[in-house]
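# Remarks on the overall topology
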Amino acid sequence: MFRILFFEPRIPPNTGNAIRLAAATGCELHLVEPLGFDLSEPKLRRAGLDYHDLAVVTVHPNLAAAWTALAPERVYAFTSHATRFHHQVEYHPGDVLLFGPEPTGLPAEVLTDPHVTERLRIPMLAGRRSMNLANSASIVAYEAWRQQGFDGAV
């Protein structure tokens, strides 16, 4: 399946919702420290409900450690500064879907990291800055899974 990578996430409920997303889709969720919360925080646990045991969640001390562990072939970084849309690529199982922290998004040094295959954006109306992190990850994960025929879904 796909690997969702949150770079330095800050808002616990977004990560809790991403845990639910990972459990529902079979994606792995990878988190790069520093986190803006403790993984045992009640808001995160409440958002994740009882899905924590059904999701694969890995915390990496930094981005370099994440790259070593993931050994990605393809990494798609999501940013409002890209010109190509998320649905205009052909996703493959194992692809890394990289999202930045709330509210700043991915910093320039991450967007230009040599591991990043391409920068993509999610369509929005003009004048809007960004979308919720968990919602963005859901939109992309479901598009990628749709392209695979929702393999494994019931």
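The chain is annotated in an unreviewed UniProt entry as Putative tRNA (cytidine(34)-2'-O)-methyltransferase of Tsukamurella soli. In the Sequence similarities (unreviewed entry) part of its UniProt record, the chain is described as follows: "Belongs to the class IV-like SAM-binding methyltransferase superfamily. RNA methyltransferase TrmH family. TrmL subfamily." The chain has a UniProt comment under Function (unreviewed entry) that states "Could methylate the ribose at the nucleotide 34 wobble position in tRNA."

Given a rise of 1.5 Å per residue, 14 residues ought to cover 20 Å, and the 20 Å separating the end C-alpha atoms of helix H1 (residues 12-25) matches this to within 8%. Those residues of H1 lying buried are Pro12, Asn14, Thr15, Gly16, Ala18, Ile19, Leu21, Ala22 and Thr25.

Judged by which residues are buried, strand E5 (residues 96-99) turns out to be covered on both faces: Val96 and Leu98 on one side and Leu97 and Phe99 on the other are all buried. The sheet contact formed by strand E1 (residues 3-7) and E5 spans four bridges and is parallel. Along E5, the bridge assignment pairs Leu5 with Leu98. Note that strand E4 (residues 75-78) and E5 share three bridges and pair parallel. Among the inter-strand pairings, Val75 is bridged to a residue of E5, identified as Val96.

Thresholds, definitions, all that
The numbers attached to residues start from 1 for each chain and follow its sequence in the written order. Local features are withheld for residues below a pLDDT of 70 in this predicted model, meaning they are given only at 70 or higher, and side-chain atom pairs are given and counted only at 80 or more; totals for whole chains, interfaces and linings count all residues. Excluded from the side-chain calculation are hydrogens and water; included are all heavy atoms of the structure. UniProt positions are given in the numbering used here, feature names are shortened, and annotations may be inferred rather than shown by experiment. Under the DSSP-based scheme used, a helix requires at least four consecutive residues in state H or I and a strand at least two consecutive residues in state E, with every element numbered from the N terminus. In a helix, the anticipated span is given by 1.5 Å times the number of residues less one. When a residue's accessible area, from a 1.4 Å probe over protein chains only, is under 20% of the maximum for its type it is buried; when over 50% it is exposed; and in between it is partly exposed. When DSSP finds at least two bridges between two strands, those strands are taken to pair.

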